[in-house]
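# Close look at the chain arrangement
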Amino acid sequence: MSGRIKHPVFARIYAKCAGPSLEKAGIGVHRDRLLAGLSGDVVEVGAGNGLNFTRYPGTVGQVTAVEPEPDLRALAEAAARSASVPVAVVEGRAEALPFPDGSFDAAVACLVLCSVTDQRIALAEISRVLRPGGILRFFEHVRSDNGGMRGLQRVLDATIWPLAAGGCHTARDTAAAIAAAGFTVTELDYFEFPQTRIPLPIQTHILGVATRPSADRG
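Residues numbered from 1 in each chain as written. Predicted model: local features only at pLDDT ≥ 70, side-chain atom pairs only at ≥ 80, totals over all residues. Heavy atoms only, no water.

Opposite charge on two side chains makes pairing possible when the charged atoms of those side chains draw close. If you walk through the whole model with that rule in mind, you get 12 salt bridges. For D145, the salt bridge goes to R150, with nearest N and O atoms at 3.9 Å. You can call D145 exposed: its relative accessible area is 65%. Exposure remark for R150: the relative accessible area of 23% places this residue in the partly exposed category. (Salt bridge = Lys/Arg side-chain N within 4 Å of Asp/Glu carboxyl O. Buried < 20%, exposed > 50% of the residue type's maximum accessible area, 1.4 Å probe, protein only.)

Moving on to the sheet that holds strand β5 (residues 130–141). Strand order in the open sheet formed by 7 strands is β3-β2-β1-β4-β5-β7-β6, with mixed pairing between adjacent strands. With partners counted over all chains shown, the strands left at the sheet margins are β3 (87–90) and β6 (184–192), one partner each. Neighbour to neighbour, the strand axes of the sheet diverge by 15° on average, direction disregarded. Across 7 bridges, the pairing between β5 and strand β7 (residues 204–211) is antiparallel. Paired with I135 across the two strands is T211, which belongs to β7. Set on the sheet, helix α2 (residues 27–35) makes contact with β4 (104–110), β5, β6 and β7; between it and β5 the angle comes to about 170°. (Pairing = 2+ DSSP bridges. Helix = DSSP H or I, 4+ residues; strand = E, 2+ residues; numbered from the N terminus. Axes fitted to C-alpha atoms, helices over the stretch in contact; angles between N-to-C directions. Contact = heavy atoms within 4.5 Å.)

Printed below as a string of structure tokens:
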């Protein structure tokens, strides 16, 4: 089964507009927090156009970056050439990662679990390719705690947002999904980003660390 997912219009908008706008708003601080202290073999799921690549610490031996969208993947391949650590960019989907069990010491999910088709399957796959005791670093926008905004998020998710934003959903409870997948969440920070006068449906974010169980549960 091919891992290819085509969203060419979204890919162009993200690479030329959304990505740079987030960088100007200060997202780099959160990317650095996400990746700080990583080591060993790392898989980045949904790497987009490779904006994390220059931020990986030198303690990382190898990053395998998975990206299903061909236009973004081509940009990621170009970004890999100036990465701070060795990066291999491969085609694949979060729900069907093309790696054997226990291949990686750590996984990174950065602004991707909002757009996977099935969070449960994607997180099960991430768990599968991690070694026992491996860690998942995650940085995602999630469901708002504000009732009014949460209602707007539900309307957007049921109508135009996924179509316009490459499958993105605004109202997912990603922290709960990570815990439900069997990970132990050891660090979790909720915050609003970017800071704006008018609240945005993708403003509430989480950043954290979760650990895969050291042994499979019976």
